[in-house]
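Residue-level structural notes
Below are the chains, spelled out letter by letter.
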Amino acid sequence: MSDVTIRIPTPLRGFVGGRDQVAVPGATVREALSALTAGQATFQDRLFTAEGDLRRFVNVYLGREDVRRLGGLDAPLPAGATLTVMVALAGG
Amino acid sequence: MSLKDRRLAELRARVPEVGPAEALALQQAGALLIDVREDEETATGSPVAAVRLPRGFLELRIEEKAPDASRTLVLMCAGGARSLFAAEDLTRLGYGDVRSLAGGFSAWKAAGLPVETPPQLDAAQRERYRRHLTMPEVGEAGQHRLLRSRVALIGAGGLGSPIALYLAAAGVGRLTLIDDDKVERSNLQRQILHAESRLGQRKVDSGRAALLDLNPTIEVVAHDTRLEAGNVLDLLGGHDVVVDGSDNLPTRYLVNDACVTLGVPNVYGAIFRFEGQVSVFGGATPGARPCYRCLFPEPPPAEYAPSCAEAGVLGVLPGVIGTIMAAETIKLLLGLGEPLAGRLLLYDGLRGEFNEIAVPVDPECPSCGPGASVALTDLAAVCGV
């Protein structure tokens, strides 16, 4: 299983030691995000509902496309894929 | 016979002359009617839809106005003499069908043909906007358009500072500032609209003073108030573009929903630490451009938003994002280029990278989707960042 690069938005970097991107294994979006949040219940809760769906105020992109348009969490990831996690910023 | 009269007689023999009625018919059939008189002369009236290009710049600028050398040109001046000289010059330049209006503007007016008084830039405006006027994409018509434009800016803070300064400098004729804060010293690390000398003032007053100092010829309307569901349509209505430089999610949703209701484009930007987002939402025909809720249908509940105390931002970051927002605003006002719509530009200041993600129109959008009508509401305050 090849590594997926996940870009982390600034508000969530506290969960990954301040890093702006993380490499994790995963063949689907779900697998990659599960690997990202493994062992961190708060981080999981931030991204997923109790039913395991992506929260509506969290967007994840494969390349420049929203994964919700590519099959959602089950969307397959090509080798060397880059996922971008995005949340709303409010600051002005 | 004077030298001039002899020369004019020669030109009359060569240059086809037309009367006012024929000139109008030619113009209506696609010919370009060019008024070659000086600006002071055309200021009091010129044929409707004539291109006003003073004789001194005629050869230099004619190709911007008439790129097709086979197009029929009808030149006119005050009495029909200068236009003969000018016609000869344009023929020599390479235009194939150049005619002169016999009797010039006097004959046009005497025939009762349509006249307009073109808006004029005074000498100081000409000097101020020279770098715009020399660009064909803006030019005099574009500068007039900016001067007639109305932009509402929400937030006279980090993003609002560069946006307001650049829009004022560009000559956006009416800027409405909306903010209910006071200037504090901790603002000055990034809010370059304000100054130590204006600490404690209302931000909209401090901002207005700075903007009028930069460009006293524009109008700055100051609203020292917080946007709410009850006032948002009144405050934002009547503007050509709304620019969202607010600092909280409830206002951003309210601004979006009001802009969708009003059909006004919303130039959006948001920042946090070293990161920024910028896009243009709505404002085109319904369904043509996404809105903020197509991207984020709903705000996170308060427990998922980081605390306000965590907020921090590199001082220059609002400059990076705010100037892009100002550029997008001016593009929208002038109808230039491609707006940053349907996509969100992400700036990563630490990596020095821009990335772009697609923001398609969401057919089920709660705000702009077909049949959707979102009620304007004041959302509970969530800090967000």
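Residues numbered from 1 in each chain as written. Chains lettered and ligands numbered in written order. Predicted model: local features only at pLDDT ≥ 70, side-chain atom pairs only at ≥ 80, totals over all residues. Heavy atoms only, no water.

For clarity, the threshold we go by: UniProt positions are given in the numbering used here, feature names are shortened, and annotations may be inferred rather than shown by experiment.
Per an unreviewed UniProt entry, chain B carries the name Molybdopterin-synthase adenylyltransferase and comes from Azospirillum cavernae. Under the Sequence similarities (unreviewed entry) heading, UniProt states for chain B: "Belongs to the HesA/MoeB/ThiF family."

Taking an unreviewed UniProt entry as the reference, chain A is identified by name as Thiamine biosynthesis protein ThiS belonging to Azospirillum cavernae.

**Focus on empty space enclosed by the protein**
Operational definition: Points on a 1 Å grid over protein atoms alone make up a cavity when a 1.4 Å probe fits among them but cannot get out, and a pocket when they form an open set with protein on both sides within 12 Å along at least five of seven lines; lining residues each have an atom within 4 Å of a point. Grid points are joined across faces, edges and corners, and a volume is the space filled by probe spheres set on the points.
Taken as a whole and assessed by the stated rule, the structure comprises two cavities of 30 Å³ or more. Approximately 220 Å³ is the volume found for the largest cavity. Taken together, 19 residues make up the lining of the largest cavity; nearest its centre are R7, I8 and R13 of chain A together with E275 and D348 of chain B.

**Describing the pairing of strand β5 (residues 73–76) of chain B**
Residues and elements named next belong to chain B. Rules: Burial classes follow relative accessibility: with a 1.4 Å probe on protein chains only, a residue under 20% of its type's maximum area counts as buried, one over 50% as exposed, and anything between as partly exposed. Secondary structure elements follow DSSP: runs of H or I no shorter than four residues count as helices, runs of E no shorter than two count as strands, and numbering proceeds from the N terminus. By definition, two strands form a pair when at least two bridges between them are found by DSSP. Crossover handedness is defined here as right-handed if the route from the first strand over the helix to the second strand goes clockwise, with the strands pointing away from the viewer.
Going residue by residue along β5, you find L73 and L75 tucked away on one face and V74 and M76 tucked away on the opposite face as well. As paired elements, strand β2 (residues 32–35) and β5 share four bridges and run parallel to each other. Residue pairing in the sheet places I34 in a bridge with L75 of β5. Here β5 runs beside strand β6 (residues 98–101); their pairing, made up of three bridges, is parallel. Looking at β6, one finds that L73 is bridged to V98. Of the crossover connections in this fold, the one passing from β5 over helix α5 (residues 82–93) to the parallel β6 is right-handed.

**So, the pairing of strand β5 (residues 82–87) of chain A**
All names here are of chain A. A large share of β5 lies buried, amounting to five of its six residues. Sheet topology note: the strand β1 (residues 3–7)/β5 ladder contains three bridges and is parallel. Within β5, the residue paired with T5 across the bridge is T82. Bridging between strand β3 (residues 58–62) and β5 involves five bridges; their strand directions are antiparallel. Along β5, the bridge assignment pairs V60 with V85.

**Looking at the interface of chain A and chain B**
What counts, and what does not: Contacts were defined at the residue level, with two residues in contact if any of their heavy atoms lie within 4.5 Å. Two parts lose some accessible area (1.4 Å probe) when they are put together, and adding that loss for both gives the buried area. Here a salt bridge means any side-chain nitrogen of Lys or Arg lying within 4 Å of a carboxyl oxygen belonging to Asp or Glu. As used in this structure description, the phrase polar contact means that two N or O atoms lie within 3.5 Å; if the pair is within protein, one of them must be able to donate a hydrogen and the other to accept it, and residues adjacent in sequence are counted only when both atoms belong to side chains.
Taken together, the contact pairs 26 residues of chain A with 43 residues of chain B. Carbon and sulfur atoms make up 56% of the area that chain A and chain B hide from each other, which totals about 2700 Å². Applying the counting criterion to the chain A and chain B interface returns two salt bridges. Between D20 of chain A and R351 of chain B there is a salt bridge, with the nearest N and O atoms lying 2.6 Å from each other. Applying the counting rule to chain A against chain B returns 11 residue pairs in polar contact (both at pLDDT 80 or more).

**Concerning the pattern of salt bridges**
It is possible for side chains of opposite charge to pair when their charged atoms get near one another. Within this structure, the stated rule accounts for 28 salt bridges over all chains. Residues R30 of chain A and D74 of chain A are paired through a salt bridge, measuring 3.1 Å at the closest nitrogen-oxygen approach. Here the residue R30 of chain A occupies a position in helix α1 (residues 29–37), and D74 of chain A occupies one in the loop between β4 (65–66) and β5, the gap between them amounting to 44 residues. On the accessibility criterion, R30 of chain A (34% relative accessible area) is partly exposed. Two residues, R185 of chain B and E196 of chain B, come together in a salt bridge whose shortest N-O distance is 2.6 Å. Of this pair, R185 of chain B sits in the loop between β9 (174–178) and α11 (203–214) while E196 of chain B is found in the loop between β9 and α11, placing the two residues 11 residues apart along the sequence.

**Points about the domain arrangement of chain B**
The following threshold applies: For the domains described, the bounds stem from an automatic or database domain assignment.
Taken domain by domain, chain B comprises domain 1 (3–116) and domain 2 (149–358). A separation of 46 Å is found between the C-alpha centroids of domain 1 of chain B and domain 2 of chain B.

**Describing the side chain of R252 of chain B**
When you line up the elements, R252 of chain B lands in helix α13 (residues 249–262). Separated by 3.3 Å, the side chains of R252 of chain B and D244 of chain B make a polar contact.

**Considering the layout of surface pockets**
Residues and elements named next belong to chain B. This is how it is decided: Just so you know the grouping, Ala, Val, Leu, Ile, Met, Phe, Trp, Tyr, Cys and Pro go in nonpolar, Asp, Glu, Lys and Arg go in charged, and all remaining residues, Gly too, go in polar.
Volume-wise, the largest pocket comes out at about 970 Å³. Every residue lining the largest pocket is counted, 31 residues in all, and those nearest its centre are R52, K65, G139, E140 and A141. For the lining of the largest pocket, the secondary-structure elements that each account for two or more residues are α3 (39–42), β4 (51–52), α4 (58–65), α8 (130–133) and α9 (139–147). Per-element accounting of the lining of the largest pocket gives the leading share, five residues, to α9. A class-by-class count of the residues in the lining of the largest pocket yields 13 nonpolar, six polar and 12 charged.

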